[in-house]
Amino acid sequence: MTETIDLNQFSEEDPSSPAARGLAKLHEAWDAGAERASCTTTEAIMVALALCDRAYLPDGLVDAPAGLLWFRLDDSQRRAIQLFGLEMSKGGVGPRFSATSGPASK
């Protein structure tokens, strides 16, 4: 007996959505701060590189070269960093950012 899967029940994922999720994780981690951010190891690397802040890295990676950290990311995480940089070059997004660096005071 062969089982079949009805592919009509699945929707095709937008290719940009993994990068969009990464971008959302960047915003979430920045808002939370390094001490309270909840990230996987590769998410922490992505956040640390995007924010230029090694405080987001796990202890074992704090002294790792940036190139090695970049190598551990997947393409969508690298794209999220690019999108974040683009947002920042345009003055940030919404009330989450202040005119200076970092999250706006709440």
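Here the structure is a predicted model, which is why all the values come from computation and not from measurement.

**Some points on the overall build of the protein chain**
Consideration 1: Scanning the protein chain from terminus to terminus reveals four helices and zero strands.
Consideration 2: The buried share of the protein chain, reckoned over its 106 residues, is 31%.
Consideration 3: In the protein chain, 46% of the contacts between residues at least 6 apart in sequence involve partners at least 24 apart.
Consideration 4: With an accessible surface of roughly 7300 Å², the protein chain has 54% of that area assigned to carbon and sulfur atoms.

**Section: the side chain of Q77**
Consideration 1: Position of Q77 among the secondary structure elements: in helix α4 (residues 75-89).
Consideration 2: Judged by relative accessible area, Q77 falls into the buried class, the value being 10%.
Consideration 3: Not counting the four nearest positions on each side in its chain, Q77 is found in contact with T42, E43 and M46.

Conventions and cut-offs
Residues numbered from 1 in each chain as written. Predicted model: local features only at pLDDT ≥ 70, side-chain atom pairs only at ≥ 80, totals over all residues. Heavy atoms only, no water. Helix = DSSP H or I, 4+ residues; strand = E, 2+ residues; numbered from the N terminus. Buried < 20%, exposed > 50% of the residue type's maximum accessible area, 1.4 Å probe, protein only. Contact = heavy atoms within 4.5 Å. Areas by Shrake-Rupley, 256 points an atom, 1.4 Å probe, with all protein chains shown as cover.

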